[in-house]
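# Remarks on the overall topology
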Amino acid sequence: MIRLVDLSKTFTSAQGTVEALKNINITIEDGDVFGIIGMSGAGKSTLIRCINMLERPTEGTVFIDDTDLSLLSKRELRRVRSQIAMVFQNFNLLMQKTALQNVCFPLEIAGAAKKDCEEKARQLLRLVGLEDKESAYPAQLSGGQQQRVAIARALATDPKVLLCDEPTSALDPNTTNSILDLIRDINNKLNITVIVITHQMSVVESICKNVAILDNGEVVEQGAVGEVFAQPKTRAARALVYPESSQESAISLEGQKLIRVVFNGGEATSEPLIATMASRHGILANIAYASTRTINGRVYGSMLLGIEEDKIEKALAFLTESDGITVQEVSDNG
């Protein structure tokens, strides 16, 4: 288990003081895939570096399995860090070494025999689907293949925790999906705790079980992915989950009022909600915007509907009867 307790980080320079992290409290259970998401500058990378103490928190504590990392000697901290591997956005491979040699590298540093290093490295390259690329140099590999080598290298020391700092932001969508599938597969097979830093909601949706939303160095919301996505409570969370909502104030539909329909994880059905409302009850709706997704057979997201003023109460009554939906009238179109 990883616990961050009242963690803060302040940087001081000639230009002044910056509070990068403010009173962070997060608990990550063993075997979880935990997402930490926020816009650029929210403090995500600083937070992940505090977890393995590459950055020392200004205040607060990092616990791993009830061990306070701030109290450890340098030698003890190195031992703990060997159990916390990291995967980076830009792969950070050694360009003069082959794929096999890159994966061997941390094992060699640990003092393992060359034969044992190569045997384990080949096993890991097989795990990430690159057993035929062991002699290739990074420049000869695609971005996705380089990230697979980086993941294999991270697994070489049998870590308990895998920190992934924007692991797919440099990749195209198809390659991103294959890397996320690989991370999910590693979590399932090896029961490694995975912490994913990202600014992409699609990454969190795809593989994370729990999530914390970071804004200006603070955790503004956290919980199960489905719950946070269902009804984000803060402006920062809504901007990430439903980016279209920032356009609400600009929407004006003459003679109509706006209703926000939030899908809270009800089971997906083949019956179209808006079409049913029109055909059965004669309530026509303009869809001002819609952002919905299906996760594990359940629907999350939101719609903004324009409804004629004299039909608004009837529409609210119909929509409220539907399971897994929260409905509210948007006052003043905002």
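Above: the structure in question.
Report on the accompanying structure. (Residues numbered from 1 in each chain as written. Predicted model: local features only at pLDDT ≥ 70, side-chain atom pairs only at ≥ 80, totals over all residues. Heavy atoms only, no water.)

## A closer look at the layout of surface pockets
For the largest pocket, the calculated volume is near 670 Å³. In this structure, the largest pocket is lined by 20 residues; those nearest its centre are Arg81, Ser82, Ile84, Pro106 and Thr157. At the level of elements, α2 (74–81), β6 (84–87), α3 (99–109) and α5 (143–154) are the ones that each hand at least two residues to the lining of the largest pocket. Grouping the amino acids of the lining of the largest pocket by side-chain chemistry returns twelve nonpolar, five polar and three charged. (1 Å grid on protein atoms, 1.4 Å probe; cavity = no way out; pocket = protein on both sides within 12 Å on 5 of 7 lines; lining within 4 Å. Points joined across faces, edges and corners; volume = space filled by probe spheres on them. Helix = DSSP H or I, 4+ residues; strand = E, 2+ residues; numbered from the N terminus. Nonpolar A, V, L, I, M, F, W, Y, C, P; charged D, E, K, R; others polar.)

## Structural notes on the packing of aromatic side chains
If you walk through the whole model with that rule in mind, you get zero aromatic pairs. A cation over an aromatic ring shows up here: Arg3 above the ring of Phe63, its NZ or CZ 4.4 Å from the ring centre. Stacked on the ring of Phe11, the Lys or Arg Lys9 has its end atom at 5.1 Å from the ring centre. (Phe/Tyr/Trp six-rings, centres within 6.5 Å; stacked < 30°, edge-to-face > 60°. Lys NZ or Arg CZ within 6 Å of the ring centre and 35° of its normal.)

## Things to note about unusual backbone geometry
One non-glycine residue, Asn23, adopts positive backbone phi at about 55°. Residue placement: Asn23 occurs in strand β2 (residues 16–28). Unusually for a residue other than glycine, Phe91 sits at a positive phi of about 75°. The residue Phe91 is located in the loop between β6 and α3 in this model.

## Some words on the side chain of Glu166
Mapped onto the elements of the fold, Glu166 is located in the loop between β7 (161–165) and α6 (173–190). For Glu166, which is buried and forms no salt bridge, the nearest opposite charge comes from Lys44, at a distance of 4.2 Å. Discounting residues that sit within four places of it in the chain, Glu166 has contacts with Lys44, Gln89, Ile197, Thr198 and His199. (Buried < 20%, exposed > 50% of the residue type's maximum accessible area, 1.4 Å probe, protein only. Lys, Arg positive; Asp, Glu negative; His and termini not counted. Salt bridge = Lys/Arg side-chain N within 4 Å of Asp/Glu carboxyl O. Contact = heavy atoms within 4.5 Å.)

## Topic: the pairing of strand β1 (residues 2–13)
Of the pairings in the sheet, the one linking β1 to strand β4 (residues 59–64) comprises five bridges and is antiparallel in character. Residue pairing across strands places Ile2 opposite Ile64, the latter belonging to β4. Counting the residues that bridge the hairpin from β1 to β2 gives two residues. (Pairing = 2+ DSSP bridges.)

## Observations concerning a negative patch on the surface
Negative charge collects at one region of the surface, where Asp6, Glu19, Glu59, Asp215 and Glu218 lie side by side. Positionally, Asp215 belongs in strand β9 (residues 210–215). (Patch = residues over 30% accessible without salt bridge, like charges linked within 9 Å, V, L, I, M, F, W, Y side chains within 5 Å. Areas by Shrake-Rupley, 256 points an atom, 1.4 Å probe, with all protein chains shown as cover. Charge placed at Lys NZ, Arg CZ, Asp CG, Glu CD.)

## A look at the environment of Ile195
Structurally, Ile195 can be placed in strand β8 (residues 193–198). Residues contacting Ile195, with those up to four places away along its chain left out, are Ile2, Ile28, Phe34, Ile36, Ile48, Ile51, Val161, Leu162, Leu163 and Cys164.

## Focus on the sheet that holds strand β5 (residues 67–68)
On the basis of which strands lie adjacent, the open sheet formed by four strands has the order β2-β1-β4-β5 and antiparallel pairing. A strand with exactly one partner marks an edge of an open sheet, and here the two such strands are β2 and β5. Taken strand by strand, helix α1 (residues 44–51) contacts β1, β2 and β4, and its axis lies near 120° from that of β1. (Axes fitted to C-alpha atoms, helices over the stretch in contact; angles between N-to-C directions.)

## As for the nonpolar core
Among the nonpolar cores identified, the biggest contains 52 residues, and Val149, Ile151, Leu162, Val196 and Phe229 are the most heavily contacted of them. Discounting residues that sit within four places of it in the chain, Val149 has contacts with Leu93, Ala99, Asn102, Val103, Leu125, Leu130 and Leu141. Residues Leu4, Ile48, Val62 and Ile197 belong to the second largest nonpolar core, which totals 29 residues. (Core = buried A, V, L, I, M, F, W, Y, C linked by side-chain atoms within 4.5 Å.)

## Concerning α6
Over its 18 residues, α6 runs 26 Å from end to end, which matches the ideal 26 Å to within 8%, given 1.5 Å per residue. The complete set of buried residues in α6 reads Thr175, Thr176, Ile179, Leu180, Leu182, Ile183, Ile186 and Asn187. Across the axial projection of α6, the buried residues extend over an arc of 155°, all falling on one side. Facing away from the buried side of α6 by more than 90 degrees, the exposed set consists of Pro173, Asn174, Asn188 and Lys189. Contact partners of the buried residues in α6: β3 (33–37), α4 (114–127), α5, β7, β8 and α7 (201–207). Where α6 starts, the residue carrying a side-chain oxygen 3.1 Å from the main-chain nitrogen of Asn174 turns out to be Asp172. Positive backbone phi, approximately 55°, marks Asn191, located one or two places after α6. (Expected span 1.5 Å × (residues − 1). Arc of directions from axis to C-beta. Polar contact = N/O pair within 3.5 Å; in protein donor to acceptor, adjacent residues only side chain to side chain.)

By themselves, these are just geometric observations and shouldn't be taken as functional.
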